[in-house]
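# Architecture and fold: a report
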Amino acid sequence: ISDNESAGILAVDTGATFAGNVGIGNTGNFSEKLSVSSANGTAYTSVPQIRVDSNTNNNRAAILFTDSSLSDGKISYYPHATEATRFFSISARGTESDFIIKGNGNVGIGTDSPNQKITIGFADNGTDGISFRSTTYASLGKILCENDNSSTNGNLQFYTRSGGDVLERMRI
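For the structure given in this document, a descriptive report is provided here. (Residues numbered from 1 in each chain as written. Predicted model: local features only at pLDDT ≥ 70, side-chain atom pairs only at ≥ 80, totals over all residues. Heavy atoms only, no water.)

## With respect to the pattern of salt bridges
The condition is simple: The term salt bridge refers to a pairing of a side-chain nitrogen on Lys or Arg with a carboxyl oxygen on Asp or Glu at a separation within 4 Å. Helix and strand assignments come from DSSP, with helices taken as H or I runs of at least 4 residues and strands as E runs of at least 2, each series counted from the N terminus. We call a residue buried when its accessible area falls under 20% of the maximum for its residue type, exposed when it is over 50%, and partly exposed in between, using a 1.4 Å probe and counting protein chains only.
Taken as a whole and assessed by the stated rule, the structure comprises two salt bridges. Close ionic contact of R171 with E146 constitutes a salt bridge, the shortest N to O distance being 3.7 Å. One end of the pair, R171, is in strand 14 (residues 165-171); the other, E146, is in strand 12 (residues 141-147), and 25 residues separate them in sequence. Between E168 and R171 there is a salt bridge, and its shortest N-O distance comes to 2.8 Å. Owing to a relative accessible area of 33%, E168 belongs among the partly exposed residues under this scheme. Bridged by salt links that share partners, the residues E146, E168 and R171 form one connected network.

## A closer look at the sheet that holds strand 12
Strands in a sheet are paired, the pairing made by backbone hydrogen bonds, and the direction either parallel or antiparallel. Condition: In short, DSSP must find at least two bridges between two strands for them to pair. Between N-to-C directions, angles cover 0 to 180 degrees, with each direction set by a line fitted to C-alpha atoms, over the stretch in contact for helices.
Taken together, four strands build an open sheet; the order of strands is 11-12-13-14 and the sheet is antiparallel. The two strands at the open ends of the sheet, each matched to only one other strand, are strand 11 (127-132) and strand 14. Neighbouring strand axes in the sheet, compared pairwise and without regard to direction, differ in orientation by 25° on average. One ladder, built from six bridges, connects strand 13 (residues 154-162) with strand 14; its direction is antiparallel. Directly across from S162, in strand 14, lies its bridge partner D165.

## A few points about the sheet that holds strand 7 (residues 87-91)
In space, the six strands of this open sheet follow the order 5-6-7-8-9-10, with mixed pairing throughout. Unpaired on one side and paired on the other, strand 5 (61-65) and strand 10 (118-120) mark the two borders of the sheet. The sheet shows a mean angle of 10° between the axes of neighbouring strands, taken without regard to direction. Direction of pairing for strand 9 (residues 107-109) relative to strand 10: parallel, over a ladder of three bridges. Residue pairing for strand 10: I109 is matched across the bridge by I120.

Printed below as a string of structure tokens:
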């Protein structure tokens, strides 16, 4: 444990430029509020550099990102005892359903209960999908799924770019 990064185990920078920053495993200057450095450089290892532990199968381990008035983002892991109910999630809105990876490998976007390898969730009477773009063009094509007016009917729509416009090419 050191002050002003001299020993490199735990350093608290009290200098005028980086006052209050904390470094773990650092011996040089660091400008981040928290900097963690591995003794083995950047090589992959099964030993984590940061560990957030939930202590039991019923509690979440989470990192929360906030601006002190809103809980806008979090990364969390729910280590439930069964693979089907275990999950890792990333949220930008304080909910679970922005992006979720279940223990069985299923991925959900907009849903917390993906039942296929990739499941995209959206509201009833809505349309959502996948878009394809390049650095030059905002839209090259898209695949949309639409739920028609509270019915059990739905359709897939396929669009591609032609002459500057993105046009529907097929509907199933």
